[in-house]
Amino acid sequence: MMFQATVLTLYPEMFPGPLGISLAGRALAEGKWSLDAVQIRDYATDKHRSVDDTPAGGGAGMVMRADVLAAAIDGTAKPGVPLLAMTPRGRPLRQERVRTLAEGPGVAILCGRFEGIDQRLFEGREIEEVSIGDYVLSGGETAAIVLLDACIRLLPGVMGAASSGDEESFEAGLLEYPHYTRPQMWEGRTIPEVLRSGDHAAIKAWRVSRAEIDTRLRRPDLWERHIGARVQSPSGAR
Ligand code: ADE
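Residues numbered from 1 in each chain as written. Predicted model: local features only at pLDDT ≥ 70, side-chain atom pairs only at ≥ 80, totals over all residues.

1. Quick word on the environment of Ala205
Tracing the backbone shows Ala205 in helix 6 (residues 200-218). Separated by 58 residues in the primary sequence, Ala205 and Leu147 place their C-alpha atoms 32 Å from one another. (Helix = DSSP H or I, 4+ residues; strand = E, 2+ residues; numbered from the N terminus.)

Take a look at the structure:
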């Protein structure tokens, strides 16, 4: 069963965009996932087809209308497919959520524009607000592309051998170890000797060690999480 992506947006022409090329584009052409980019404005009801209005209480910018968004959601909902809204107010996206979404039937994604979305929409519909990081984009569309890209590469048959996964960054809760390739000598720098030793156990140990060191130094937040997860793990790895 193919992974069904629905995107609710004021700019459907932004899709598939980068998801139409390379890995994701090939998978789309092969029917491993589908994409429906829905124009929110098609669900507007007044003669100006308005989708936004001025903020209650005053202030700059415009707010997306709950009634129009609800009509778009209700008119496109697929049973069992979770509905997400991309917004900087959402829960930070992590690989674990991506993996769970990729294992499901698909995802519907509401892309915010303007200053935000009428809060009553989140009270009247089951919507998971998701952020892709602590910075502000001009709209949720590029964030939706990021989320979909992360899901699609995990779909069965999309990535082939490289997708075995558990060695990767974040799958293990660590940054990935650094990579090298030929030439053996570049600008006076060599490839670490162990990687040329043919000793697979030693190579594995070096990679784990580098992943741990680099995570501790670069991402103390991830390191703390990794250590905490190990202590609490029922398998008792410590
Ligand atoms: N829309 C605007 N900024 C965003 C962010 N950081 N994450 C998700 N959606 C957004």
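2. Examining the site of the ligand
Around the ligand, the structure places Met86, Thr87, Pro88, Gly112, Ser131, Ile132, Gly133, Tyr135, Val136, Leu137, Gly140 and Ala143. Mapped by element, the contributors of at least two residues to the shell around the ligand are strand 5 (83-92) and helix 5 (140-152). Sort the elements by how many residues they give to the shell around the ligand and strand 5 lands first, with three residues. Split into classes, the residues belonging to the shell around the ligand amount to seven nonpolar, five polar and no charged. (Near = placed C-beta within 6 Å. Nonpolar A, V, L, I, M, F, W, Y, C, P; charged D, E, K, R; others polar.)

3. Some remarks on the sheet that holds strand 7 (residues 116-117)
Strand-to-strand pairing in sheets goes through backbone hydrogen bonds, with the strands running parallel or antiparallel. Sheet architecture is open: three strands sit in the order 3-4-7, paired in mixed fashion. Across the chains shown, the open sheet's two edge strands, defined by having one partner strand only, are strand 3 (52-53) and strand 7. In the sheet, strand 4 (residues 63-64) pairs with strand 7 via two bridges, with the strands oriented parallel. Bridging from a neighbouring strand, Val63 pairs with Gly116 of strand 7. (Pairing = 2+ DSSP bridges.)

4. With respect to unusual backbone geometry
For the peptide bond that leads from Phe15 to Pro16, omega is 0 degrees, which places it in the cis range. Along the polypeptide, Pro16 turns up in the loop between strand 1 (3-9) and helix 1 (22-29). That bond from Arg182 to Pro183 is cis: its omega, 5 degrees, falls within 30 degrees of zero. Turning to its location among the elements, Pro183 is positioned in the loop between helix 5 and strand 9 (185-186). The phi torsion at Ser22 lies on the positive side, around 55 degrees, for a residue other than glycine. Looking at the element boundaries, Ser22 is found in helix 1. Even without glycine at this site, Glu187 takes up a positive phi of about 50 degrees. Counting through the fold element by element, Glu187 comes out in the loop between strand 9 and strand 10 (189-190).

5. Describing the domain arrangement of the protein chain
Assigned domains within the protein chain: domain 1 (3-160) and domain 2 (165-232). Just the C-alpha atoms count here: the centres of domain 1 and domain 2 sit 34 Å apart. (Domains from an automatic or database assignment.)

6. Describing the UniProt feature "binding site: S-adenosyl-L-methionine" (unreviewed entry) in the protein chain
As annotated by UniProt and renumbered to match this structure, "binding site: S-adenosyl-L-methionine" (unreviewed entry) occupies Gly112, Ile132, Gly133, Asp134, Tyr135, Val136 and Leu137. Mapping Asp134 onto the fold places it in the loop between strand 8 (128-131) and helix 5. Of note, Leu137 is situated in the loop between strand 8 and helix 5. Excluding residues that lie within four positions of it along the chain, Leu137 makes contacts with Thr142 and Ala143. (UniProt positions renumbered as here; feature names shortened; annotations may be inferred. Contact = placed C-beta atoms within 7 Å.)

7. Structural notes on helix 5
Along its 13 residues, helix 5 runs 18 Å from first to last C-alpha, staying within 8% of the 18 Å computed at 1.5 Å per residue. Listed as buried for helix 5 are Gly140, Glu141, Ala143, Ala144, Ile145, Leu147, Leu148, Cys151 and Ile152. (Expected span 1.5 Å × (residues − 1). Buried ≥ 20, exposed ≤ 12 C-beta atoms within 10 Å, placed from the backbone.)

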